[in-house]
Amino acid sequence: MAWLSACATGPSDDAAASVCPRLIPYSAAFQAQAADELEALPPGSALEVLVADYLVTRDQLRVCQ
């Protein structure tokens, strides 16, 4: 069915919902806790890289929605 989307002249109302995953909201307090924990990690930790990649993904989701 995906090949039918090439025939569309514009996006449908639920097109973004079917393509873009839902962006999970986080409270300010939770984000502050996460930032504190991230800063406590040793420099160059693997988790630091993963979080940075996740930040890029969240930015892309905002654009998609």
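Small disclaimer: the values here were computed from a predicted structure and weren't measured.

What counts as what
- Residues numbered from 1 in each chain as written.
- Predicted model: local features only at pLDDT ≥ 70, side-chain atom pairs only at ≥ 80, totals over all residues.
- Heavy atoms only, no water.
- Helix = DSSP H or I, 4+ residues; strand = E, 2+ residues; numbered from the N terminus.
- Buried < 20%, exposed > 50% of the residue type's maximum accessible area, 1.4 Å probe, protein only.
- Areas by Shrake-Rupley, 256 points an atom, 1.4 Å probe, with all protein chains shown as cover.
- Salt bridge = Lys/Arg side-chain N within 4 Å of Asp/Glu carboxyl O.
- Lys, Arg positive; Asp, Glu negative; His and termini not counted.
- Polar contact = N/O pair within 3.5 Å; in protein donor to acceptor, adjacent residues only side chain to side chain.
- Contact = heavy atoms within 4.5 Å.
- Patch = residues over 30% accessible without salt bridge, like charges linked within 9 Å, V, L, I, M, F, W, Y side chains within 5 Å.
- pLDDT = per-residue confidence, 0-100.

Caption draft 1: Just the overall build of the chain, in detail. Secondary structure summary: the chain contains 3 helices and 0 strands in total. Mapped in sequence order, the helices and strands of the chain form the string α-α-α. Across the 65 residues of the chain, 8% fall into the buried class. Looking at the chain as shown, the accessible area adds up to about 5,600 Å², and 65% of this sits on carbon and sulfur atoms.

Caption draft 2: Inspection of the pattern of salt bridges at higher detail. Under the defined criterion, the tally for this structure stands at 1 salt bridge. For the salt bridge of Asp59 with Arg62, the shortest nitrogen-to-oxygen distance reads 2.9 Å. Residue Asp59 and its partner Arg62 are both found in helix α3 (residues 46-64); the two are separated by 3 residues, about one turn of the helix.

Caption draft 3: Spatial organisation of the side chain of Arg58. Structurally, Arg58 is set in helix α3. No salt bridge is formed by the buried Arg58; its nearest oppositely charged neighbour, Asp59, is found at 6.9 Å. Polar side-chain contacts of Arg58 include one of 2.9 Å to the backbone oxygen of Ile24. Contacts of Arg58, omitting those with residues within four sequence positions, involve Leu23, Ile24 and Tyr26.

Caption draft 4: Highlighting a nonpolar patch on the surface. On the surface, Ile24, Tyr26, Phe30 and Tyr54 cluster together into a nonpolar patch covering about 370 Å² of accessible area. Take Tyr26: its relative accessible area is 33%, and that puts it in the partly exposed class.

Caption draft 5: A look at the confidence of the model for the chain. Looking at the chain as a whole, the pLDDT averages 81, with 72% of positions reaching at least 70. Looking over the chain, one finds the lowest element-wise mean pLDDT in helix α1 (residues 15-19), namely 61, and the highest in helix α2 (residues 28-39), namely 95.

Caption draft 6: Main features of the environment of Arg62. We classify Arg62 as partly exposed; its relative accessible area is 45%. Engagement of the side chain of Arg62 in a polar contact is seen with the side chain of Asp59, the distance being 2.9 Å.

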